[in-house]
Amino acid sequence: KYMIVVTGGLGFIGSNLIKKLNNKNINDIILVDNIDKNGNYKNLEGLKFNDFYSSNDFLNNIENIGDIKYIFHLGACSSTTEMNGDYLYNNNFLYSRKLIDYCSSKKIPITYASSASVYGLGYYGFDEEKRIESPLNLYAASKFLIDNYVISNKFNCSVSGLRFFNVYGPGEKHKGEMKSVIGKFLDNIKSNDKLQLFEGSENI
């Protein structure tokens, strides 16, 4: 079996990735995520996969899961306003590091989600150079840490980090205030027939 793991599979990016894989007749998928009260379970609709694990259960049982061929690690705390540094360290950095180290030991290629927020406000561009990387917040710092770990070490497998910018589309409704600006604009138009660009813009 060509088994693929998608962590964060109930999230916006993860669920859309699984749909794309399904469209290519790839259904031998392990979905890893935590069901939350905000309604990410609604993204289960239409997804085809073999099994489901919570984030912690997956890491604790990864040796017993089977012949994993590829891991897309998209699971993380994506809140840019999260102020609990220990939580971000454990959830975004330490979990990712353990998973990447495991992949290296088993020679399993892995692609993980980073963030364009590691560049700061982008005054100096968006090249992968230390001189222009200035994390915007604690969330960005947690992504910067895992990027730095990957860049600073050698692995026995392919490790790719994707620095996503402002992604948007179907499946992000559960993110609330963390949804994309496009998603917020759409909600504004549907509920008020107006587009609020920023606080106070309705008075312009």
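In this report, the structure presented in the accompanying data block is examined. Note that the coordinates shown come from a computational prediction; the quantities given were computed from them, not determined experimentally. (Residues numbered from 1 in each chain as written. Predicted model: local features only at pLDDT ≥ 70, side-chain atom pairs only at ≥ 80, totals over all residues. Heavy atoms only, no water.)

Looking at the pattern of salt bridges
Evaluation of the coordinates by the stated rule reveals five salt bridges. Linking Lys106 and Glu63 is a salt bridge whose minimum nitrogen-to-oxygen distance equals 3.7 Å. Of this pair, Lys106 sits in helix α3 (residues 85-106) while Glu63 sits in the loop between α2 (55-61) and β4 (68-73), and the two are 43 residues apart along the sequence. Glu133 is paired through a salt bridge with Arg163; the nearest N and O atoms lie 2.9 Å apart. Linking Glu133 in the loop between β5 (110-115) and α4 (138-152) with Arg163 in strand β6 (residues 159-164), this pair joins segments that are 30 residues apart in sequence. Classification of Glu133 by relative accessible area gives buried; the value is 11%. Ionic contacts of the salt-bridge type, sharing partners, join the residues Glu133, Asp147 and Arg163 into one network. (Salt bridge = Lys/Arg side-chain N within 4 Å of Asp/Glu carboxyl O. Helix = DSSP H or I, 4+ residues; strand = E, 2+ residues; numbered from the N terminus. Buried < 20%, exposed > 50% of the residue type's maximum accessible area, 1.4 Å probe, protein only.)

Here's the deal with helix α1 (residues 12-23)
For α1, spanning twelve residues, the distance from its first C-alpha to its last is 17 Å, which sits close to the expected 16 Å at 1.5 Å a residue. For α1, the full list of buried residues reads Phe12, Gly14, Ser15, Ile18, Leu21 and Asn22. On its buried face, α1 sits against β1 (3-7) and β2 (29-32). Within two residues after α1, Asn25 carries a phi angle of roughly 65°, on the positive side. (Expected span 1.5 Å × (residues − 1). Contact = heavy atoms within 4.5 Å.)

Here we look at the side chain of Thr7
Its place among the elements puts Thr7 in strand β1. Given the relative accessible area of 2%, Thr7 is considered buried. Among the polar contacts made by the side chain of Thr7, one reaches the main-chain amide nitrogen of Leu74 at a distance of 2.9 Å. Beyond its immediate sequence surroundings of up to four residues, Thr7 is in contact with Val32, Phe58, Phe72, His73, Leu74, Gly75 and Leu99. (Polar contact = N/O pair within 3.5 Å; in protein donor to acceptor, adjacent residues only side chain to side chain.)

Some points on the nonpolar core
A general tendency of soluble globular proteins is for nonpolar side chains to be buried together. Membership of the largest hydrophobic core comes to 25 residues, with the highest contact counts inside it found for Phe58, Ile68, Ile71, Ile100 and Val159. Among the secondary structure elements, those contributing two or more residues to this core are β1, β2, β4, α3, β5 and α4. No other element matches α3, which puts six residues into this core. What Val159 contacts, discounting residues up to four positions off in sequence, is Ile100, Ile110, Tyr112 and Val150. Within the second largest apolar cluster, twelve residues are counted, among which are Ile4, Val6, Tyr70 and Phe72. (Core = buried A, V, L, I, M, F, W, Y, C linked by side-chain atoms within 4.5 Å.)

Description of the environment of Tyr139
Residue placement: Tyr139 occurs in helix α4. Linking Tyr139 and Cys77, residues 62 residues apart in sequence, is a C-alpha distance of 7.8 Å. Beyond its immediate stretch of four places on either side in the chain, Tyr139 contacts Cys77, Ser78, Ser79, Thr80, Leu88, Asn92, Ser114, Ser115 and Ser117.

Details of the environment of Asn40
Here Asn40 is to be found in the loop between β2 and β3 (51-53). Here Asn40 falls in the buried class, since its relative accessible area comes to 3%. Sequence-wise, Asn40 and Glu172 are 132 residues apart; in three dimensions their C-alpha atoms are separated by 8.4 Å. One polar contact links the side chain of Asn40 to the main-chain amide nitrogen of Asp36, over a distance of 3.1 Å.

Some thoughts on α3
Over its 22 residues, α3 runs 30 Å from end to end, which matches the ideal 32 Å to within 8%, given 1.5 Å per residue. The largest bend in α3 comes to about 30°, at Leu94. For α3, the complete set of buried residues consists of Leu88, Asn92, Phe93, Leu94, Tyr95, Ser96, Leu99, Ile100, Tyr102, Cys103 and Ser104. Regarding α3, its N-cap is Asn84, as a side-chain oxygen of that residue lies 3.2 Å from the backbone nitrogen of Asp86 further along. Within two residues after α3, Lys107 carries a phi angle of roughly 60°, on the positive side. (Bend = angle between axes of the 7 residues up to and from the residue.)

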